[in-house]
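The lines below spell out each chain.
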Amino acid sequence: QVQLVESGGGLVQAGGSLRLSCAASGRTFSTYAMGWFRQAPGKEREFVAAFRWRDGITYYGDSVKGRFSISRDNAKNTVYLQMNSLKPEDTAVYYCAAGNQNYGLLHVSAYDYWGQGTQVTVSS
């Protein structure tokens, strides 16, 4: 079992920045990758960013590439999502996820554990 606790969501103006945190606990040694997804009302869950523990490789969705950055603090078992140049279309519930796969990390099926989600709202 892996438990994920998210924090850092909130309201921010367009062009602003926000950093989300995801603290992992439990059987974290079985976690090969961690990712961030987001879901707006009435839309499918969308890939945002992922980190692969094995080699530190990161992946980003096309809509956030160049604006968002995923990072980690190994000592705290925490993954962060730094969001810059935020746009109203970034408004969504953001979910942290963990899984035991090294591939297919852009897809929700690669992940076994999910956080509760944190709301990010970007105003115009």
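Higher on the page you've got the structure.
So, how was this worked out
Residues numbered from 1 in each chain as written. Predicted model: local features only at pLDDT ≥ 70, side-chain atom pairs only at ≥ 80, totals over all residues. Heavy atoms only, no water. Core = buried A, V, L, I, M, F, W, Y, C linked by side-chain atoms within 4.5 Å. Buried < 20%, exposed > 50% of the residue type's maximum accessible area, 1.4 Å probe, protein only. Helix = DSSP H or I, 4+ residues; strand = E, 2+ residues; numbered from the N terminus. Contact = heavy atoms within 4.5 Å.

Peer 1: Looking at this model, I keep getting lost on the nonpolar core. Mind explaining?
Peer 2: Nonpolar side chains in soluble globular proteins tend to end up buried together. Ranked by size, the top nonpolar core spans 26 residues in total, and within it Trp36, Leu81, Met83 and Tyr94 carry the most contacts. Listing elements by their share of this core, those giving two or more residues are β1 (2-7), β3 (18-26), β4 (33-39), β5 (46-52), β7 (68-73), β8 (78-83), β9 (92-99) and β11 (118-123). Residues contacting Leu81, with those up to four places away along its chain left out, are Leu18, Arg19, Leu20, Trp36, Val48, Ala49, Phe68, Ser69, Ile70 and Tyr94. Grouped together as the second largest cluster of nonpolar side chains are 8 residues, Ala33, Phe47, Leu105 and Tyr111 included.

Peer 1: I keep staring at the environment of Phe68 and nothing clicks. Help me out?
Peer 2: Following the sequence through the fold, Phe68 ends up in strand β7. The exposure class of Phe68 is buried, given its relative accessible area of 2%.

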